[in-house]
Amino acid sequence: LVEFALILPILLVVVIGTFDLALAVWQTNTLANAVREATRYAIVHGDGSAAPVGPGSGSYTAPDQDTTLTGIVRDRAVGMAGVSVSSTWPDGTNARGKRVSVVATVPYAPVLSQAFLSGALRVTLRGASELVIHR
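Thresholds applied
Residues numbered from 1 in each chain as written. Predicted model: local features only at pLDDT ≥ 70, side-chain atom pairs only at ≥ 80, totals over all residues. Heavy atoms only, no water. Salt bridge = Lys/Arg side-chain N within 4 Å of Asp/Glu carboxyl O. Buried < 20%, exposed > 50% of the residue type's maximum accessible area, 1.4 Å probe, protein only. Helix = DSSP H or I, 4+ residues; strand = E, 2+ residues; numbered from the N terminus. Pairing = 2+ DSSP bridges. Axes fitted to C-alpha atoms, helices over the stretch in contact; angles between N-to-C directions. Contact = heavy atoms within 4.5 Å.

(A) Quick look at the pattern of salt bridges. For the structure on display, the rule yields 2 salt bridges. The closest approach of N and O atoms between D91 and R99, which form a salt bridge, is 3.0 Å. R99 sits in the partly exposed class, given a relative accessible area of 31%. When the shortest N-O distance is used, the salt bridge between R99 and E130 registers 3.3 Å. Of this pair, R99 sits in strand β4 (residues 99-108) while E130 sits in strand β5 (residues 123-132); the two residues are 31 residues apart in sequence, bridging distant segments of the chain. A network of salt bridges, in which partner residues are shared, links D91, R99 and E130.

Right under this line is the structure:
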């Protein structure tokens, strides 16, 4: 009974830490997929599209915000609050053959940090994608 009482706190920290790590990996993967979907949307909605996004469109606010792409990332980032999205066109235009880049970040506070450090330890998870516009 004494040995169990000595080992239990260590065992719980290891198990909860493993779940924290798994949740962080899951959220990073979800964020990467959300960013990839937004980038995919942007490459088929260039200046040749009927509903373009990016520079020259109604949804774009210079230097790095497009409300359409931000909405796509936030819709697909299930279970994540505080997602910050940046959409840039490194070549300055949304014409065919040019690049589009979407980056999203979200703060993550592990359960152990919330329990023992009042949430002082925070990690920023990041997802990014850059593709070439096709239309």
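(B) View of the sheet that holds β4. Ordered by their spatial adjacency, 3 strands build an open sheet running β3-β4-β5, and the pairing between neighbours is antiparallel. Every other strand in the sheet has two partners, leaving β3 (84-88) and β5 as the edge strands with one partner each. Taking the axes of each pair of neighbouring strands and ignoring which way they run, one obtains an average angle of 10 degrees across the sheet. Two strands pair when backbone bridges link them, and β3 and β4 are joined in this way by 5 bridges, in the antiparallel orientation. Considered in β4, the bridge of S86 is made with V103. Running over the sheet, helix α1 (residues 2-44) touches β4 and β5 and is turned about 25 degrees from β5. Each of β3 and β4 touches helix α2 (residues 67-76); the most contacted strand, β3, lies at about 140 degrees to it.

All quantities given are derived from atomic positions and should not be read as evidence of function.
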